[in-house]
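Observations on the model geometry
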Amino acid sequence: MNGRQKKKPWAAAVLLALIVAGCVCCEFFMTKDPAFMDLADSERAPGGEFLFGTDALGRDLFSMIWYGGRISLLIGCVSTLLSTAIGVVLGALCGFAPGWLDLALMRFVEIFLSVPTLLLIVFLQAAAGEQNAFTIAVVIGATGWCGIAKVVRTEVQRLRSSEFVIASRCMGGGFFHILRRHLLPNLLASILFMVIMNIRNAIAAESTLSFLGLGLPLEIVSWGSMLSLAQSAMFTGAWWIVLIPGAFLVATLLCITKIGSYVQDVLTRKERNV
Amino acid sequence: MKRRFIFYGKKLLSFTASIFILSVLVFCIARLAPGDPLASYYGTRVEKMSVEEREKAMERLGLNEPLAMQYGKWLGHAVQGDFGISYKYKQDVMEVIGARVGNTLLLGGLGFVCLFVLALLLGFFCAYCADCFADRVICMLGTAVSVIPEFWLSLLLIFIFSVSLRLLPSSGAYTLGEGGGFSDRLLHLILPLCAVILGHLWYYAYLVRNRLLEEMRADYVLLVRAKGLDRRAVLLGHCLKNVLPTYLGIMAISVPHVLGGTYIVETVFSYPGIGTLVYESARYKDYNLLMVLALLSGIVVIFSSRIGQAVGERFDPRVTAAGTGRESMQGWGG
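Since the model is a prediction, treat every value here as computed from it, not as a measurement.

Quick word on the overall build of chain B
A tally of helices and strands in chain B yields 13 helices and zero strands. When the helices and strands of chain B are read in sequence order from the N terminus, they spell out α-α-α-α-α-α-α-α-α-α-α-α-α. Within the span of chain B, comprising 334 residues, buried residues form 47% of the whole. Across chain B, the fraction of contacts at a sequence separation of at least 24, relative to all contacts at a separation of at least 6, is 73%. Summed over its atoms, the accessible surface of chain B is roughly 16,900 Å², and 66% of this surface lies on carbon and sulfur atoms.

Quick look at the overall build of chain A
Looking only at helices and strands, chain A features eleven helices and zero strands. Starting at the N terminus, the α and β elements of chain A follow one another as α-α-α-α-α-α-α-α-α-α-α. Split by element, the accessible area of chain A, about 12,100 Å² in all, is 68% carbon and sulfur. Between the centroid of the 21 positive side chains of chain A and the centroid of its 17 negative side chains there is a distance of 17 Å.

Some words on the nonpolar core
A:I75, A:W223, B:F151, B:W152, B:L155, B:L212 and B:Y247 are the most contacted members of the largest nonpolar core, which totals 103 residues. For this core, the leading source of residues is helix α8 (residues 182-216) of chain B, giving 15 residues. Residues within four places of B:L155 in sequence aside, it is in contact with A:F211, A:A230, A:Q231, A:M234, A:V242 and B:V268. The next biggest cluster of nonpolar side chains, apart from the first, holds 25 residues, and it includes B:L22, B:F27, B:M291 and B:L295.

A closer look at the packing of helix α7 (residues 150-164) of chain B against helix α11 (residues 255-268) of chain B
All names here are of chain B. In contact at an axis separation of 9 Å, α7 and α11 are set at 40° when each is read in the N-to-C sense. As judged from the angle between their axes, α7 and α11 are oblique. As for how α7 packs across α11, the hand of that crossing is right-handed. When α7 is examined against α11, the residues E150, F151, S154, L155 and I158 are found in contact with a partner set consisting of G261, I264, V265 and V268. For the contact of α7 with α11, the residue count by class is six nonpolar, two polar and one charged.

A few points about the domain arrangement of chain B
Residue and element names in this part refer to chain B. What the domain assignment reports for chain B is domain 1 (2-79) and domain 2 (93-333). In this complex, domain 1 contributes 19 residues to the contact, which on the side of domain 2 involves 14 residues. Among the elements of the structure, α1 (2-32) and α2 (37-42) are those that each provide at least two residues to the side of domain 1 that touches domain 2. If you tally residues by element for the side of domain 1 that touches domain 2, the top one is α1, at eleven residues. Along the lines of polarity and charge, the residues of the side of domain 1 that touches domain 2 split into eleven nonpolar, five polar and three charged.

With respect to the packing of helix α12 (residues 274-284) of chain B against helix α13 (residues 287-315) of chain B
All names here are of chain B. With their axes 9 Å apart at the nearest point, α12 and α13 run at an angle of 130° to one another. In terms of orientation, α12 lies oblique with respect to α13. Between α12 and α13 the crossing geometry is left-handed. Within the contact between the two elements, α12 uses I274, L277, V278, S281 and A282 and α13 uses L289, L290 and L293.

Focus: a nonpolar patch on the surface
All names here are of chain B. A contiguous nonpolar patch, built from V113, V117, L118 and L121 and spanning about 340 Å² of accessible area, is present on the exposed surface. Summarising the element assignment, L118 is placed in helix α5 (residues 93-128). Judged by its relative accessible area of 38%, L118 falls in the partly exposed class.

As for the pattern of salt bridges
Evaluation of the coordinates by the stated rule reveals three salt bridges over all chains. A:R158 is the salt-bridge partner of A:E155, the closest N and O atoms lying 2.9 Å from each other. Of this pair, A:E155 and A:R158 both sit in helix α6 (residues 146-159), separated by three residues, roughly a single helical turn. Judged by its relative accessible area of 54%, A:R158 falls in the exposed class. Between B:R209 and B:D135 there is a salt bridge; the shortest N-O distance is 3.0 Å. Of the two residues, B:R209 is situated in helix α8 and B:D135 in helix α6 (residues 133-147); the sequence distance between them amounts to 74 residues. Like B:R209, the residue B:D135 is buried in the burial classification.

Focus on a negative patch on the surface
Residues and elements named next belong to chain B. Together, E52, E53, E55 and E59 line one region of the surface with negative charge. Position of E52 among the secondary structure elements: in helix α3 (residues 51-60). Look at E52 and you get exposed, because its relative accessible area is 59%.

Examining helix α5 (residues 133-143) of chain A
Residue and element names in this part refer to chain A. In terms of residue burial, α5 counts as a mostly covered element, since eight of its eleven residues are buried. Where α5 is concerned, the buried positions are A133, T135, I136, A137, V139, I140, G141 and T143. Looking at where α5 begins, the residue whose side-chain oxygen comes 3.1 Å from the main-chain nitrogen of F134 is N132.

Calculation criteria
- Residues numbered from 1 in each chain as written.
- Chains lettered and ligands numbered in written order.
- Predicted model: local features only at pLDDT ≥ 70, side-chain atom pairs only at ≥ 80, totals over all residues.
- Heavy atoms only, no water.
- Helix = DSSP H or I, 4+ residues; strand = E, 2+ residues; numbered from the N terminus.
- Buried < 20%, exposed > 50% of the residue type's maximum accessible area, 1.4 Å probe, protein only.
- Contact = heavy atoms within 4.5 Å.
- Areas by Shrake-Rupley, 256 points an atom, 1.4 Å probe, with all protein chains shown as cover.
- Lys, Arg positive; Asp, Glu negative; His and termini not counted.
- Charge placed at Lys NZ, Arg CZ, Asp CG, Glu CD.
- Core = buried A, V, L, I, M, F, W, Y, C linked by side-chain atoms within 4.5 Å.
- Axes fitted to C-alpha atoms, helices over the stretch in contact; angles between N-to-C directions.
- Parallel < 35°, antiparallel > 145°, perpendicular 65-115°, else oblique.
- Left-handed = near helix turned anticlockwise from the far one by under 90°.
- Nonpolar A, V, L, I, M, F, W, Y, C, P; charged D, E, K, R; others polar.
- Domains from an automatic or database assignment.
- Patch = residues over 30% accessible without salt bridge, like charges linked within 9 Å, V, L, I, M, F, W, Y side chains within 5 Å.
- Salt bridge = Lys/Arg side-chain N within 4 Å of Asp/Glu carboxyl O.
- Polar contact = N/O pair within 3.5 Å; in protein donor to acceptor, adjacent residues only side chain to side chain.

What follows is the structure, encoded as structure tokens:
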């Protein structure tokens, strides 16, 4: 957007890579079992045996951070895959559909958006039965596709009358064939930024839901469920329970944002130069 | 005159239709979700109830009829202004909401106005001295703050200002037992307000900054610059005027996002507003309360998106309905 070329976000990329690598290979350097509770060791300050201290249930925060990060990142990726898939297919349907169907679908999206997200999530959660990382990911994915659908719809409307799409249709190409072979490569540039941002939003959503008690239960360790102990910990002066998982969460979100906005910058620049 | 009448009539009709479909949808979702509404009415006593007692209670609350019948009854009463009682509070739903809606309006409304003004000022300042040291620092800080989830931001504020510095109260809307004077309420409002504003500020400020900078590259700017106007005059007198309609439209669409943020902030600060109610009623299946809250949120969302479109079309004929939207943000509205 500004006149100068944005610098490559090396710092963000390296930090994110470190966090992801740490979470993926957490088994190799975890000092304790993250699920092991020992009330005798509850709310120990960082240092010594417990590098990041312990939480109110006596679990070792250092091990929990890496182990829980795995779940948080996984939820981010899985729900983004789902929301992108729904968004692209629905958006393309809207874009190809005749006017009245398009209007009806867009109205549906509008109404869908106006159901309070909280209510939708509580319902979907209840319908899914037990709460685990996978159901949370599906629930977040199923509620986060509207933005992508809107963009895809506009793009498809622009592309559908172009020669290569018409040619493909004349040769008998089906909807999914055209979508995969002809539209997706063209769409990628305009939705890549949103897909990256969806990962960020999904991770943030998981932590918010778990914090509110609507997401993962305490036994399943994730950054969000770790933070659900934060409110009570704050008043006992256990700052590390609030600050350390939060810092990891925010650092991850910030890195993803930096990379996302760099990608967007590069893509818009390319578009302008053409 | 007549055409205008038809125009508004059509708008009203489609608005009512949307609300109607929304009410059916929410009704079905709420009733079909597994969970025990009796638990929210009778509390822990529900565990000791026999099967017959349960049957009776279900019948008294009208919960064992077919879904369509239940909805028909609800709609019939609702049209007459009777939305039933809240299972948990044993009070008329409107009374429960009425007692709290003022608090949310105060927090959300004040937050929205502050957000609107501050984002404009900050965005303008950053555009004015684009790429200078202050702009770069603000851009960095702003991006960092904008990714912090609202609940953690609230926790952080509580941690710094009420636990460590002991300057401001950490929860509630007023000190219990003192009735709540003006200054007391204000003191309780500061932290939640900061959380609401900080959570959204940079998104809009950055938007204003970028739109202004983009506008600065237009041809007419080159002309007025050539005539001798300085940067500030161009920005204030020409660019701002062109950016403002888009900004207004986007702010109108963003009402639900700010509202959603307010809900979360309210829960963290145990602020007695609608947010805590939404959360409680959704969790504990307080059907009647949930219906009204969902409809209220829905009305706000649909209404604000219509206003956003109208503003865009009114001030800027190039904008069509599809072009405005906060695509990159998550749908946390309501």
